[in-house]
Amino acid sequence: MPVDTKAATDRLMRFLAIEGVTGQEAAIGRELTAALKEADVPAKAIRLDDANTRIPVPTETGNLIVDLPGRGALHNQPRIMFMTHMDTVPLCAGAKPKKSGRKIVNEARTALGGDNRCGCGVLVTLAAELEKQKLDHPPITLLFCVREESGLYGARHVKLDELGSPVMAFNYDGGSASNVVIGAVGADRWTVEIFGRASHAGVAPERGISSTMIMALALADVKAGGWFGKVVKGKRQGTSNVGPVTGGEGRPAGDATNVVTDYVHVRGESRSHDGKFFKEITKAYKAAFEKAAKKVTNAQGKSGKVKFKAETDYYPFRMKDSQPVIKRAVEAVTAVGGTPNVRTANGGLDANWMVRHGIPTVTFGAGQNEAHTVDEWINLDEYDRACALALQLATMR
């Protein structure tokens, strides 16, 4: 079952040229729809869901869903699903893809967008090859998710009855097509608002309560306790990070150095493969900020205050090796000449939410390299393997 690799690469170049940063996926959704129709997928089989109406941040469009009826000897077999995400990180805005040998590189000083235009190319190529070669296959759902890069929102808010009850799914998001990712971390995303008291830093600093100092003491406490960065507590491991520190929506009273800062907004995350441990990491941050707020007082004995909020972004999972989806994945990678590398991931995937929804999901790579950086590039050999793998997965008996 050879794949038309030239056509597959042409599709990828076409999709890379369409801007579609997270939350702004309408244009790439239209381009994917056009490419699917060109591959003779009926218009009635292609639709957008209304997940964007349930996503709590502005999102232009819903997930793109495609229904491919079964064909031939496999037409009555259980439905399977192939999925990817169609958004990119904001750093990809303005990318200019260029083919260079067996790579696709970027002529602009931006990220390229292989994460995850590669997955989009694989799924459209799968639909095109199944139709072109008239291959037998079970009923198939193609799912192109929105807002993966900003919180896995599309996969989180998809309605299961929109997917046609697939018994397993294959997600494309990563580097090597031989990677069989069967588990991933869970994560909390947290924010803390620090409320101090503004005062003239030169005339009456003793009347102020510095929210900046509260933050500094809290983070020093977190670091001293071993809760920042790579976190190891006995046999339990995880990671944490402090992200942007800003004035946030509350805005400090002033941005001059002669004003004691009365407001700071901090964002961060906690991750672990252990579903309880990433919650403990988050609790350590909360305790540190609350402790620091009490320590910073003014001449009148008043202290600062904090408002800490945490939300679980996604839950960890690790599927058992005996699950049919893993056996099918390993067999397919071997069949296309690869050596299966069964592993878990330290980042969140749309598969986290699919597994949470009850759909066993394996994730493969599709040629991405140096994702989320200005050095991003695409390995076309791996992309071709990913396309061949998808076709193998879809037609196995």
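Parameters at a glance
- Residues numbered from 1 in each chain as written.
- Predicted model: local features only at pLDDT ≥ 70, side-chain atom pairs only at ≥ 80, totals over all residues.
- Heavy atoms only, no water.
- Helix = DSSP H or I, 4+ residues; strand = E, 2+ residues; numbered from the N terminus.
- Polar contact = N/O pair within 3.5 Å; in protein donor to acceptor, adjacent residues only side chain to side chain.
- UniProt positions renumbered as here; feature names shortened; annotations may be inferred.
- Contact = heavy atoms within 4.5 Å.
- Core = buried A, V, L, I, M, F, W, Y, C linked by side-chain atoms within 4.5 Å.
- Buried < 20%, exposed > 50% of the residue type's maximum accessible area, 1.4 Å probe, protein only.
- Salt bridge = Lys/Arg side-chain N within 4 Å of Asp/Glu carboxyl O.
- Pairing = 2+ DSSP bridges.
- Expected span 1.5 Å × (residues − 1).
- Arc of directions from axis to C-beta.
- Axes fitted to C-alpha atoms, helices over the stretch in contact; angles between N-to-C directions.
- Parallel < 35°, antiparallel > 145°, perpendicular 65-115°, else oblique.
- Nonpolar A, V, L, I, M, F, W, Y, C, P; charged D, E, K, R; others polar.
- Domains from an automatic or database assignment.
- Buried area = accessible area lost by both parts, 1.4 Å probe.

### Topic: the environment of Asn63
In this fold, Asn63 is placed in the loop between strand E1 (46–48) and strand E2 (64–68). For the pair formed by Asn63 and Met86, sequence separation is 23 residues and the distance between their alpha carbons is 8.8 Å. Engagement of the side chain of Asn63 in a polar contact is seen with the backbone nitrogen of Val146, the distance being 3.0 Å. Within the structure, the side chain of Asn63 is placed 3.0 Å from the backbone oxygen of Gly154, a separation counted as a polar contact.

### Digging into the UniProt feature "binding site: Zn(2+) 1" (unreviewed entry) in the protein
This chain's UniProt record puts "binding site: Zn(2+) 1" (unreviewed entry) on Asp115. Here Asp115 lies in helix H3 (residues 114–133). When neighbours within four sequence positions are excluded, Asp115 is seen to be in contact with His85, Asp87, Thr88, Glu149, Asp173, Gln368, Ala371, His372 and Glu376.

### A short note on the UniProt feature "binding site: Zn(2+) 2" (unreviewed entry) in the protein
In the numbering used here, UniProt assigns the "binding site: Zn(2+) 2" (unreviewed entry) feature to Asp115 and Glu149. These annotated residues cover 35 residues of sequence, and their C-alpha atoms lie no more than 9.3 Å from one another, placing them together at a single site. With respect to the helices and strands, the residue Glu149 is situated in the loop between strand E6 (140–145) and helix H4 (153–157). For Glu149, the contacting residues outside a window of four places in its chain are Thr22, His85, Asp87, Thr88, Val89, Asp115 and His372.

### Observations concerning the nonpolar core
By size, the foremost hydrophobic cluster in this structure holds 67 residues, and its most contacted members are Leu36, Phe82, Leu142, Phe144, Tyr172, Val362 and Phe364. Of all the elements, helix H9 (residues 380–395) adds the most residues to this core, at 9 residues. If near-sequence neighbours (up to four positions away) are discounted, Phe144 is found in contact with Leu32, Leu36, Asn63, Leu64, Val66, Thr84, Met86, Cys120, Leu123 and Val124. Residues Ala218, Val231, Ala288 and Ala292 belong to the second largest nonpolar core, which totals 23 residues.

### Some remarks on the pattern of salt bridges
In the structure shown here, the tally under the stated rule is 22 salt bridges. Here Asp384 and Arg102 are joined by a salt bridge, their closest N and O atoms 2.7 Å apart. Taken together, the residues Asp384 in helix H9 and Arg102 in the loop between strand E4 (97–100) and strand E5 (103–106) connect sequence positions 282 residues apart. Judged by its relative accessible area of 14%, Asp384 is buried. A residue is classified by how much of its surface remains accessible, and Arg102, at 37% relative accessible area, is partly exposed. Salt bridges here are not isolated pairs; linked through shared partners, they connect Arg14, Glu31 and Glu38.

### Things to note about the pairing of strand E11 (residues 236–246)
Sheet analysis places strand E10 (residues 229–233) next to E11, joined by 5 bridges and oriented antiparallel. Looking across to E11, one finds that Gly229 is bridged to Ser240. Connecting E10 to the next strand, E11, in antiparallel fashion are 2 residues, including Gly234 with a positive phi near 65°. In terms of strand pairing, E11 meets strand E12 (residues 263–272) through 6 bridges, oriented antiparallel. Across the sheet, the residue bridging to Thr246 is His265, located in E12.

### Quick notes on helix H7 (residues 324–335)
Along its 12 residues, H7 runs 16 Å from first to last C-alpha, staying within 8% of the 16 Å computed at 1.5 Å per residue. Every buried residue of H7 is accounted for by Val325, Ile326, Arg328, Ala329, Ala332 and Val333. The buried residues of H7 all sit within an arc of 160° when viewed along its axis, so they share a single face. What points out from H7, more than 90 degrees from its buried face, is the exposed set Pro324 and Lys327. Of the surrounding secondary structure, the elements contacted by the buried residues of H7 are strand E3 (80–85), strand E7 (168–172), strand E8 (179–184), strand E16 (361–364) and H9. Just downstream of H7, Gly337 is the residue with a positive phi angle, here 90°.

### A look at the packing of helix H1 (residues 5–16) against H9
Axes are the key here: two packed helices are described by the angle between their axes and the distance separating the axes. Closest axis-to-axis distance for the H1/H9 pair is 10 Å, and the angle between their directions is 110°. Taken together, the axis directions place H1 and H9 in an arrangement best described as roughly perpendicular. Listed contacts from H9 to Thr5, Ala8, Thr9 and Leu12 of H1 are Leu380, Tyr383, Asp384 and Cys387. Tallied by class, the residues present in the contact of H1 with H9 amount to 5 nonpolar, 2 polar and 1 charged.

### Observations concerning the environment of Gly94
Considering the arrangement of structural elements, one finds Gly94 in the loop between E3 and E4. Residue classification places Gly94 among the partly exposed residues on the basis of a relative accessible area of 36%. Separated by 232 residues in the primary sequence, Gly94 and Ile326 have C-alpha atoms spaced 38 Å apart. Ignoring any residue separated from it by four or fewer positions in sequence, one finds Gly94 in contact with Glu19, Ala108 and Thr110.

### Let's talk about the domain arrangement of the protein
One frequent convention defines the size of an interface as the accessible area lost when the parts assemble. We note that the domain assignment places domain 1 (5–185 + 316–395) and domain 2 (186–314) within the protein. Taking the mean C-alpha position of each, domain 1 and domain 2 sit 37 Å from one another. Domain 1 puts 14 residues into the contact, and the matching count from domain 2 is 13 residues. Of the roughly 910 Å² buried where domain 1 meets domain 2, counting both sides, 52% is carbon and sulfur surface. Three residues stand out in domain 1 for area buried against domain 2, namely Arg156, Val185 and Pro316, and they jointly supply 50% of the buried area on that side. Where domain 1 meets domain 2, there are 1 salt bridge. Along the contact surface separating domain 1 from domain 2 lie 6 residue pairs in polar contact (both at pLDDT 80 or more). Mapped by element, the contributors of at least two residues to the side of domain 1 that touches domain 2 are strand E15 (341–345) and helix H8 (350–356). Residue composition of the side of domain 1 that touches domain 2, grouped by class: 6 nonpolar, 7 polar and 1 charged.

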